[in-house]
Amino acid sequence: MNNLELSLKYADELIALSKLEKNYLYLHRGYYQKGNKNRLIGDLNKALNDFFKSAEAASKAKFITGKGVAYMSIADVYSIMGNANNAEVYYTKSIDLLRKTKDSIALASALLNAGDEYSKNKKFNLALKHFEEARVIFDKTNYLIGTGYTLGNIGMVYTKQIDNELGKIYITKAIKILEKLKDFYAMSEYLLYMSDIYLTQNDWTTSLRYAKRSLDLAQKYGLKDQISNSNLKISELYQKAGNHKESFTYYKNYIKYRDSVTNLKSVQQMADMRTNYEVSQKQIEVDLLEKDSEIQKLKEKKQQNIIYATAISLFLILIITIGFYRRYKFIKMTNAIIEEEKNRSNTLLLNILPEETALELKKNGKVQAKKFESVTVLFTDFEKFTYYADKLSPEKLVESIDFYFSKFDKIMEKYNLEKIKTVGDAYMCAGGLPFPTGDHAYRVVLAALEITRFVNASKELNVGNQTRFKVRIGINTGPIVAGVVGIKKFSYDIWGDTVNIASRMESNSEPGKINISECTYQIIKNDFDCEYRGEIEVKNKGMMKMYFVNSPIFSI
């Protein structure tokens, strides 16, 4: 990483020795290292060629992990080139191969890079799904650099979804890890994202400081594509500040390094080859036309009969074509109706069940109950709801509940949580399913704080003098069992002592407060300011420790 030129020399020596001894395993490794260095230098065409040779050597060595890693690197280069289709194809091939191996780090890396590509293409749900799976693997193996990349990429997704505060938290954590590990390539990129975040918050000075820090790192370690990107960002910042002289200076640097990355000489050579090919093709066409002219003179006497026969044939073909076209239009219209109804059914099913559960139900006709070792469950309840229910008309009551629950649903979607069900005025959701994640407790508490802020604001800013309530919230973390009940009207539900305790946390809470159990507190105590309530008697559970959550602790 610190001397790319020397690294390339060692890679070439390794390749030469491997060819001499016909050692395909080390030949794969030599090309793989060479491809990595060429990619960092900015010579993408050479890097792509190296990675394809690495995959071929790994295949000959019957080294599945190596082939999967080479495919991942091929996808990385296509991603840098902007070829999203090829990138996604090779990421999928890489993940499929690595799932067959025991190399969890390589699999997590492929998931991480694929998630980054989906994020670039604005497929944010797919991106977060891949990032979360990668993060679980990296955490289990204590692979810090992977954790750093995953945190940074999750932060970038939240930033793209206009959640700058959450994005800032994740990216800051990533930068701290990568700085300790001296991984300056990723650090440089994440620093530019921090610059973007502060720019959207109109903090120009901080934004410029992050962009210049990114440029300093890239220049120090010879990272051409990052030098180019950092110069462009600084140029844009000076332009916004009205300093056109400085903006132009950095823009010239951006152009210089951009051209060195894309390798204009190589592009020009390819253009020359294409031109020569087209000229030769035109000459062939001219020669063929001259020969056709000679042959045509010999066939003039027979041409009239051929024209008549052709006209009749075309007429018959036209009639047949019209018939086929009408049939095609009918089939197309029918298929469109069937597809529309199918999509409508799928949408309704996904509104009822999680995506993974819905797919299992469609595939097998039933859903197998699953146990999750760690899930965070949240319950909400409105104060004095029964009292108001007796006073209000059914229409007003439903309108009031819908006002709150509609907003709750949006909050669940924002923090990637699963709504389980509502019973009367009670709202139940969970984090950490249907896909296990490492930060479900953190995200559930963030969602609870946002629910509390929304309910309080609704009561204070009640312009239409509508019926407004105070909310109690209870949270608990632990193992649960999840599954689908019913055979006609499906319902996705969760069971277990964890759910019962979460309900008890809610019933023992206070209006406007978030009451959490000891289990949840131990997980989130370093991220939130919590107030110890002491041990409180809980029905059928005895004395239990409880805490109120006050606010998050942001260490940025």
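Residues numbered from 1 in each chain as written. Predicted model: local features only at pLDDT ≥ 70, side-chain atom pairs only at ≥ 80, totals over all residues. Heavy atoms only, no water.

Enquirer: When you look at the nonpolar core in this model, what are you seeing that I'm missing?
Expert: Soluble globular proteins tend to bury their nonpolar side chains together. Grouped together as the largest cluster of nonpolar side chains are 111 residues, with contacts concentrated most on Phe382, Phe408, Ile475, Ile516 and Phe528. Ignoring sequence-local partners within four residues, the contact set of Phe382 consists of Ile401, Tyr404, Phe405, Phe408, Asp425, Phe469, Lys470, Val471 and Arg472. Formed by 15 residues, the second largest nonpolar core is a distinct cluster that contains Met428, Ala430, Leu433 and Val499. (Core = buried A, V, L, I, M, F, W, Y, C linked by side-chain atoms within 4.5 Å. Buried < 20%, exposed > 50% of the residue type's maximum accessible area, 1.4 Å probe, protein only. Contact = heavy atoms within 4.5 Å.)

Enquirer: Can you walk me through a nonpolar patch on the surface in this structure?
Expert: On the surface, a nonpolar cluster with roughly 420 Å² of combined accessible area is contributed by Ile312, Phe315, Leu316 and Ile319. Along the chain, Ile312 turns up in helix 15 (residues 300–352). (Patch = residues over 30% accessible without salt bridge, like charges linked within 9 Å, V, L, I, M, F, W, Y side chains within 5 Å. Areas by Shrake-Rupley, 256 points an atom, 1.4 Å probe, with all protein chains shown as cover. Salt bridge = Lys/Arg side-chain N within 4 Å of Asp/Glu carboxyl O. Helix = DSSP H or I, 4+ residues; strand = E, 2+ residues; numbered from the N terminus.)

Enquirer: Got a minute to help me understand the environment of Phe379 in this structure?
Expert: Assignment of secondary structure puts Phe379 in strand 1 (residues 370–382). Separated by 127 residues in the primary sequence, Phe379 and Glu506 place their C-alpha atoms 6.0 Å from one another. Those residues in contact with Phe379 that lie beyond four places of it in its chain are Tyr427, Met428, Arg472, Ile473, Gly474, Val499, Ala502, Ser503 and Glu506.

Enquirer: Would you explain the packing of helix 6 (residues 104–120) against helix 8 (residues 144–160) in this entry?
Expert: When two helices pack together, their arrangement is given by the angle between the helix axes and by the axis-to-axis distance. Helix 8 packs onto helix 6 with a crossing angle of 15° between their chain directions and a minimal axis gap of 10 Å. Relative to helix 8, the element helix 6 lies roughly parallel. In this structure, the crossing between helix 6 and helix 8 has a hand that is left-handed. The residues of helix 8 that touch helix 6, namely those facing Leu112, Asp116, Ser119 and Lys120, are Gly146, Tyr149, Thr150, Asn153, Met156, Val157 and Lys160. Partitioned by chemical class, the residues of the contact of helix 6 with helix 8 number four nonpolar, four polar and three charged. (Axes fitted to C-alpha atoms, helices over the stretch in contact; angles between N-to-C directions. Parallel < 35°, antiparallel > 145°, perpendicular 65-115°, else oblique. Left-handed = near helix turned anticlockwise from the far one by under 90°. Nonpolar A, V, L, I, M, F, W, Y, C, P; charged D, E, K, R; others polar.)

Enquirer: Would you mind going over the packing of helix 7 (residues 124–141) against helix 8 with me for this structure?
Expert: For the pair helix 7 and helix 8, the least separation of the axes is 9 Å and the interaxial angle reads 160°. Taken as axis vectors, helix 7 and helix 8 run roughly antiparallel relative to one another. Read as a crossing pair, helix 7 and helix 8 show a hand that is left-handed. Judged by residue contacts, Phe124, Ala127, Leu128, Phe131, Glu132, Ala134, Arg135, Phe138 and Asp139 of helix 7 engage Gly146, Thr147, Thr150, Leu151, Asn153, Ile154, Val157 and Lys160 from helix 8.

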